Amino acid sequence: MPVDEVIVNHGYERDTSLLENSELDIKMADNDYIAGNANCESSVPGLYAAGDILKYDGKLNLIIGAFQDAANAVNSAKRFIEPAADPFGMVSSHNEIFKKQNQEFIKQMMK
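Residues numbered from 1 in each chain as written. Predicted model: local features only at pLDDT ≥ 70, side-chain atom pairs only at ≥ 80, totals over all residues. Heavy atoms only, no water.

Under an unreviewed UniProt entry, the name given to the protein is Thioredoxin reductase (NADPH), and the organism recorded is Parageobacillus thermantarcticus.

## Here's the deal with the pattern of salt bridges
Our working rule: Between Lys or Arg on one side and Asp or Glu on the other, a salt bridge is scored when a side-chain nitrogen of the former is within 4 Å of a carboxyl oxygen of the latter. Runs of H or I in DSSP of at least four residues are treated as helices and runs of E of at least two as strands, each being numbered from the N terminus. For every residue, the accessible area obtained with a 1.4 Å probe (protein chains only) is divided by the maximum for its type, and the residue is called buried under 20%, exposed over 50%, and partly exposed between those limits.
Scanning the entire structure with this criterion turns up three salt bridges. Lys59 is the partner of Asp69 in a salt bridge, and the nearest nitrogen-oxygen pair spans 2.2 Å. Of the two residues, Asp69 sits in helix H2 (residues 63-81) while Lys59 sits in the loop between strand E3 (54-55) and H2, which places them 10 residues apart along the sequence. Each of the two residues, Asp69 as well as Lys59, counts as buried. Close ionic contact of Lys107 with Glu104 constitutes a salt bridge, the shortest N to O distance being 3.7 Å. Taken together, the positions of Lys107 and Glu104, both in helix H3 (residues 96-110) and three residues apart, correspond to about one turn of that helix. On the basis of relative accessibility, which here comes to 52%, the residue Lys107 falls in the exposed class. Residue Glu104 is classed as partly exposed on the basis of its relative accessible area of 36%.

## What about the confidence of the model for the protein?
Put simply, the rule reads: Per-residue confidence from the predictor is given as pLDDT, running between 0 and 100.
Residue-level pLDDT values for the protein average 86, and 92% of them are 70 or greater. Model confidence for the protein, summarised as mean pLDDT per element, is weakest for H3 at 81 and strongest for E3 at 96.

## Remarks on the sheet that holds strand E1 (residues 28-29)
The strands making up a sheet are joined through hydrogen bonds of the backbone, oriented either antiparallel or parallel. Formally: Strand pairing is defined by DSSP finding a minimum of two bridges between the two strands.
Across the sheet, which stays open at both edges, the three strands sit in the order E1-E2-E3 with mixed pairing between neighbours. For this open sheet the edge positions go to E1 and E3, each flanked by a neighbour on one side alone. For strand E2 (residues 33-35) and E3, the ladder comprises two bridges, and the chain directions are parallel. Along E3, the bridge assignment pairs Ile34 with Leu54.

## Observations concerning unusual backbone geometry
Phi at Asn31 takes a positive value of approximately 65°, unusual for a residue other than glycine. Judged by relative accessible area, Asn31 falls into the exposed class, the value being 67%. The phi dihedral of Cys40 falls on the positive side, at around 65°, and the residue is not glycine. Residue position: Cys40 is located in the loop between E2 and E3.

Laid out in structure tokens, this is it:
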């Protein structure tokens with residue numbers, strides 16, 4: 001699937017110039033945040049945000065919240081790309097592909 005850009009930004013210094021100069025009509029909150037929801041969806045279909053740049057009701061602005069945002073954003077993007085996809089994310093310990101490998105790791109740890 002062709003992708004125009006993937007932007008990863010780590011840190012707390014907020015630079016919103018990319019958003020300010022965007023041709024997309026991205027709804028902002030308090031001038032510095034992308035307005036979104038708990039599924040990390042923005043006002044632009046297919047555009048997701050996570051971490052410090054995202055604002056929604058009930059958001060807890062802690063680093064652990066950014067990790068949850070990232071997982072929710074990826075899961076939301078998955079559903080945008082493939083609407084029939086499972087609505088829930090899956091961790092490797094629950095994935096059949098890794099089941100045998102995880103069982104071997106557990107055996108090794110129990111030795």
